[in-house]
Structures are given as structure tokens and as C-alpha cells.
Amino acid sequence: MTRPDDDSAPASPEAAASSEASEGTEATAASEGTEASEGSEGTAASEAPDTSATSATSAPETFSDRIYRSASGIAGGVLLLGLSGWLGIDAMIRGEGRTPWLALAGLLFAVPVVIAFTVRPAVYAGQDRLLVRNPFRTITLPWASVEGLRSGYTSEVLAAGATYQLWAIPVSLRQRKRAARQQTRAASEDPFGTTSAHVAVNKPDEDRRAPSDAAIGDLREMAELNARRGGAQGPPEVRWAFEVIAPTLAGAVLLGVMLAIG
């Protein structure tokens, strides 16, 4: 009797060896393909430029403007506005005859003037320009056009042959004398001669100058540092503050008319 053929019979040793060799060859080819793909990806990643680092490096540094204003002037202006508003509104409500109209004309004339000389003045010092906001004018001065700053009886900036007053940095002779006395006292108490006229040796954060002199000194340093910037070039620009001038003139005309017909 013959035995039927069995498909699950073990293969010969030569066939097993050939199959193992083919599988090893395929595994080697697959590993080499994987390494080649990884190498190509690494090469592409290394060749791609780092745009984030470049943009971060090329982005210019920006700083907020330094703002100089007179705290005492603003406080006085607010008090004057409150007092004039109280008196004017009371006269308009309780007054008789021409009194309400006179009070209205007086408020229309006085309020813009008080705001212009007390609340409005400010100095903005940025990287590219110095903006001076005076009562009736706004002056924009690129740092390259600034020729000098000085603090005598008033604070002034010289630019393009003209002189502009800095209303926001008032000069106090009392504070200047007080600062001079402190400097003299500190110099007399220092046996080693290390006393500075501006900064104390043991208190580097304390500025011995008067506030107006310290502000002008800071503006001088900013003018020297930023004068060569590309955005700091150009001539001065002067703009009249018509938003203050127009109501002031209207109030003055109305007040003059009311007084003339009275």
C-alpha cells in the first residue's frame, strides 16, 4: 500500500538555508533603506535655514517712550478746572439776565487755557525722536536734528537753529539749591574724595541732581546714543494745536461780545 503525499513534510536542509539567506538579504535591504531615508531627512533638515532664529535676530529692539510731565502742574490744573467748573455751572444755573451767558463764555475761554498750560504739556523721548507737546504747539524733533539741551531758568532744546521750550520740565531754583547743598554736605563728609556730584557712592540709585537737571541729562544721553539711527534722521516738524486754539478763540470772542453789549 502506498502512503499519500504529505504537504507539511519538512523541507530539505538546502531549501531551509536558501530561505534564511533570502530573508536576511531582505532585512538588510530594509535596514539600509531606513538608514538612507533617515540620512536624507537629516540632510534636508540641516540644509533648511533656521528662519525663526534669523527673524528673531533681525527684529529690531523696541523700547517704550520715556514720558516727562509736571506732577505739580497737573495737580494745579485739576484744582483750577474743578474750581472754575463749580463757579461757572453755579452761575449758569442760578444766575439771572446775562450772567449765565457770561459764565458760559468765561468757561469756554478759561477751560482750554488751563488745560493747555497745566495738563497738556508733555515730553515723549523715544528711540527715533523727541516729541515736545507745549501749550499751543507740538514739535517733533528727530534725534539727529537736536543740537543741544540746556536747563537754565527754563528747560530748552535747540534744533535746526531754533530754540523750543520744554513746558513739561519746569525748573525749580529751590530744588536746585537743595541739591547743591546736599552735594556740598556729602563732599565735606567724604574723607577719600570719592563723592560724585550726581550719584552717591553708597547709594548708586540715588540721583543728587535737581529733577529738571536730571531729566535734561537723560535727554542728552539719549540724543547722543540715538542720533545715528536710521529712523532718527529728518528735519523738525511743528504743528499748531488747533484743538486748543479754536475753543479758546471762540470763548474769547463770545466773552468780548457779551462784555461789549453789556
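Residues numbered from 1 in each chain as written. Predicted model: local features only at pLDDT ≥ 70, side-chain atom pairs only at ≥ 80, totals over all residues. Heavy atoms only, no water.

## Observations concerning the pattern of salt bridges
Inference 1: Under the defined criterion, the tally for this structure stands at 6 salt bridges.
Inference 2: Among the salt bridges present, the one from aspartate 65 reaches arginine 129, with a minimum N-O distance of 3.3 Å. Linking aspartate 65 in the loop between α2 (51–58) and β1 (66–68) with arginine 129 in strand β3 (residues 129–133), this pair joins segments that are 64 residues apart in sequence.
Inference 3: The salt bridge involving aspartate 128 is made with arginine 229; its shortest N-O contact spans 3.0 Å. With a gap of 101 residues between them, aspartate 128 in the loop between β2 (122–125) and β3 and arginine 229 in the loop between α6 (211–226) and β8 (237–240) connect regions that are remote in the sequence.
Inference 4: One salt-bridge network, in which partners are shared between bridges, spans Arg120, Arg239 and Glu243. (Salt bridge = Lys/Arg side-chain N within 4 Å of Asp/Glu carboxyl O. Helix = DSSP H or I, 4+ residues; strand = E, 2+ residues; numbered from the N terminus.)

## Details of the confidence of the model for the protein
Inference 1: For the protein, the mean per-residue pLDDT works out to 76, and 66% of the residues sit at or above 70.
Inference 2: Under a pLDDT of 50 for its full length, residues 1–21 has, in the predicted model, 0 contacts with residues more than four places off or in other chains.
Inference 3: Within the model, the stretch residues 23–63 combines pLDDT values under 50 with 3 contacts to residues more than four positions away or in other chains. (pLDDT = per-residue confidence, 0-100. Contact = heavy atoms within 4.5 Å.)

## Considerations on the nonpolar core
Inference 1: In this structure, Leu130, Leu141, Trp143, Leu149, Val157, Leu166 and Leu219 are the most contacted members of the largest nonpolar core, which totals 22 residues.
Inference 2: Where this core is concerned, the elements lending two or more residues are β2, β3, β4 (137–142), β5 (146–151), β6 (155–159) and α6.
Inference 3: Other than its neighbours up to four places away in sequence, tryptophan 143 contacts Ala125, Gly126, Gln127, Asp128, Arg129, Leu130, Leu219, Met222, Ala223, Asn226, Ala227 and Ala232. (Core = buried A, V, L, I, M, F, W, Y, C linked by side-chain atoms within 4.5 Å. Buried < 20%, exposed > 50% of the residue type's maximum accessible area, 1.4 Å probe, protein only.)

## Overview of helix α3 (residues 71–94)
Residue pairs spaced three or four apart in an α-helix point in one direction, given the helix's 3.6 residues per turn.
Inference 1: For α3, built from 24 residues, the straight-helix expectation of 34 Å at 1.5 Å per residue is met to within 8% by its first-to-last C-alpha distance of 35 Å.
Inference 2: If you check which residues of α3 are buried, you get Gly77, Gly88 and Ala91.
Inference 3: Along its buried surface, α3 packs onto α4 (99–119). (Expected span 1.5 Å × (residues − 1).)

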